[in-house]
Amino acid sequence: MIIYILVGIDPLKQPGVDDIYKFSTEEEVYNFVQKWLANQFQDLIEERRSIRMYTITNNAINNYMSHFKKHKYIHFYDRCFKDQYSTDQYEYKWSVYHL
């Protein structure tokens, strides 16, 4: 039986790990991260209610989720999706491990 461990790190808080969650399936991990991302972008959508803003945030969430599924981590940047190898300061990091 595989156990999935999701680790969240806020690089501006010290020390170290901010959140740790345990899941039974990889799909549960993906659902959790996708809901977390949607919540992060909700303020942006409410700020500027438009179809364009909704499309932009959905594209960002899809880009984050694609990267997360492939590489098992994301660096979250407030308000947009950036190159995950960017040297800019990210707001939060999610990574998944399995035991």
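In this text the structure is predicted, and so the values were computed from the model without any measurement.

*Asks:* How would you sum up the overall build of the protein chain? Please name residues and give values.
*Replies:* From N to C terminus, the protein chain includes two helices and four strands. Each helix and strand of the protein chain, placed in order from N terminus to C terminus, yields the pattern β-β-α-α-β-β. Taken over C-alpha atoms, the radius of gyration comes to 14 Å for the protein chain, in line with the 13 Å a tight globule of 99 residues would show. For the protein chain, the residues scored as buried account for 34% of the 99 residues in total. Of all intrachain contacts in the protein chain linking residues separated by at least 6 positions in sequence, the fraction that spans at least 24 positions is 46%. Surface accessibility of the protein chain: about 6,500 Å² in total, with carbon and sulfur atoms responsible for 51%. Of note, the protein chain has its 12 positive side-chain charges centred 4 Å away from the centre of its 13 negative side-chain charges.

The rules behind the values
- Residues numbered from 1 in each chain as written.
- Predicted model: local features only at pLDDT ≥ 70, side-chain atom pairs only at ≥ 80, totals over all residues.
- Heavy atoms only, no water.
- Helix = DSSP H or I, 4+ residues; strand = E, 2+ residues; numbered from the N terminus.
- Rg over C-alpha atoms; globule rule 2.2 N^0.38 Å.
- Buried < 20%, exposed > 50% of the residue type's maximum accessible area, 1.4 Å probe, protein only.
- Contact = heavy atoms within 4.5 Å.
- Areas by Shrake-Rupley, 256 points an atom, 1.4 Å probe, with all protein chains shown as cover.
- Lys, Arg positive; Asp, Glu negative; His and termini not counted.
- Charge placed at Lys NZ, Arg CZ, Asp CG, Glu CD.

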